[in-house]
Amino acid sequence: MPSHAKRLTNHLIAAVLLGAALLPGAFAQAYPDRPVTIVVPFPPGGSMDALARIAGQKLSATWGKPVVVDNRAGAGGMIGAQRVKGSPADGYTLLLTNSALIQNVVGAGAANAPYDPIKDFQPVMHMTLAPVVYAINPKLPAKTLQEFVALVKREPKKHSFGSGGVNQTLHLMGAVFNESAGLDMAHVAFKGDAALANDIIAGHISSGFVTIATAGPQIAAGNLRPLAVAGPRSPLLPDVPSFRELGFTQLDVVGWFGMFAPAGTPRAVVDKLAADIGAVLKQPDVATKLKEMALTPTGLEPAEFGRIVQRDLGYWDTVVKKVGEK
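Anyway, here's the lowdown on the structure attached to this text.

Time to look at the packing of aromatic side chains. Summed over the entire model, instances satisfying the criterion amount to 16 aromatic pairs. Residues Phe260 and Phe305 carry aromatic rings whose centres are separated by 4.9 Å and whose planes lie at 45° to one another, so their mutual orientation is tilted. Of the two residues, Phe260 is situated in strand 10 (residues 255-262) and Phe305 in helix 11 (residues 302-323); the sequence distance between them amounts to 45 residues. Of the two residues examined, Phe260 and Phe305, each falls in the buried class. An aromatic cluster is defined as three or more aromatic residues linked by ring pairs; in this entry it consists of Tyr134, Phe148, Phe177, Phe209, Phe243 and Phe248. We note Arg34 situated over the ring of Tyr92; from NZ or CZ to the ring centre the distance is 3.6 Å.

Further remarks concern the sheet that holds strand 4 (residues 121-130). In sheet architecture, strand pairing relies on hydrogen bonds along the backbone and comes in two forms, parallel and antiparallel. Sheet architecture is open: six strands sit in the order 2-1-3-10-4-11, paired in mixed fashion. Edge positions in the open sheet fall to strand 2 (67-71) and strand 11 (296-300), since each of these has one partner strand only. The mean angle between the axes of side-by-side strands here comes to 25°, regardless of whether they run parallel or antiparallel. Inspection of the sheet shows strand 3 (residues 93-97) paired to strand 10 by three bridges, in the antiparallel sense. The residue of strand 10 that forms the bridge with Leu95 is Phe260. Each of strand 3, strand 4, strand 10 and strand 11 touches helix 9 (residues 267-282); the most contacted strand, strand 4, lies at about 10° to it.

The next point concerns the sheet that holds strand 9 (residues 225-229). Spatially, the five strands line up as an open sheet ordered 7-6-8-5-9, and their pairing is mixed. Only two strands of the sheet have a single partner each, and these edge strands are strand 7 (186-189) and strand 9. The sheet shows a mean angle of 30° between the axes of neighbouring strands, direction not considered. Two elements, strand 5 (residues 132-136) and strand 9, share four bridges in a ladder whose sense is antiparallel.

Another aspect to go through is unusual backbone geometry. Along the chain, Tyr31 connects to Pro32 via a cis peptide bond; the corresponding omega equals -10°. Looking at where Pro32 falls in the secondary structure, it is placed in the loop between helix 1 (3-30) and strand 1 (36-40). Even without being glycine, Lys157 reaches a positive phi, approximately 70°. Relative to the helices and strands, Lys157 resides in the loop between helix 5 (145-154) and strand 6 (160-163). Residue Lys157 is classed as exposed on the basis of its relative accessible area, which comes to 72%.

On to helix 9, then. In a regular helix each residue adds 1.5 Å, so 16 residues correspond to 22 Å; helix 9 covers 23 Å between its end C-alpha atoms and thus fits that length. When helix 9 is considered as a whole, its buried residues turn out to be Val269, Val270, Leu273, Ala274, Asp276, Ile277, Gly278, Val280 and Leu281.

About the cut-offs
- Residues numbered from 1 in each chain as written.
- Predicted model: local features only at pLDDT ≥ 70, side-chain atom pairs only at ≥ 80, totals over all residues.
- Heavy atoms only, no water.
- Phe/Tyr/Trp six-rings, centres within 6.5 Å; stacked < 30°, edge-to-face > 60°.
- Helix = DSSP H or I, 4+ residues; strand = E, 2+ residues; numbered from the N terminus.
- Buried < 20%, exposed > 50% of the residue type's maximum accessible area, 1.4 Å probe, protein only.
- Lys NZ or Arg CZ within 6 Å of the ring centre and 35° of its normal.
- Pairing = 2+ DSSP bridges.
- Axes fitted to C-alpha atoms, helices over the stretch in contact; angles between N-to-C directions.
- Contact = heavy atoms within 4.5 Å.
- Expected span 1.5 Å × (residues − 1).

Written out as structure tokens, the structure reads:
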């Protein structure tokens, strides 16, 4: 090969290698160059939906591109999750969800699960803690958790507990309480905790776990009576004891809201998303709004969030096998 042709070939090879090396960073710099969709796998009106809309507005302002919130409710969050799983892994379709992502596909149903929470999704950011409270209709003659347990035992088959969907956080926590307290309450599933709270207030069901974000205003108005919080005692409801304090150590858990992308999304795009979402969570007006919503910003980045997902997979698998619905 003539020397000039050889030099030309070497230059071309070097250019290709350099382009390949720069591609992820260049892609991240160009991202996003069109609208981004955040899929929320529950109906509008709940705290998860509100978080998605706050984040979407701020990210849109940062990027100069529209961010659309797409509520794909159904099957306890699975419909929305499958929508994102089947989307291109390019960062333009994201999933904002909670641990329902895990709870829906563990236990007896794991063999036929429509997705794998580890293999099919890339954690982007653990955004907030989402503490929950067990609340009842205030017309019931029970002021404390102990009194409510006694009431349900005196009136078997009369009382029920609701949730935002089968085998997701609020249902499983209710089922754990039902079983550990020796109760026989029926489970009634709703499409989200806003609808659940409304039916407790209306007296259609007796009780249920509700996010403090959704329940807080109704508690303040006297429309719901809080009996206990899961996880540690919450500064948002300082007078309400924790389940641990009352002897229910099985409910020493706190829910979360987090952002995911389809597996295979370029690392540079995931890192950009994490950085931009983290910056949004640190904005003073966002922090104030989240506090009003009873959400505690965390901003845990992909690697740490991935470890939490892996840990929760084991915890919820055990719970679903014990008290989940088949």
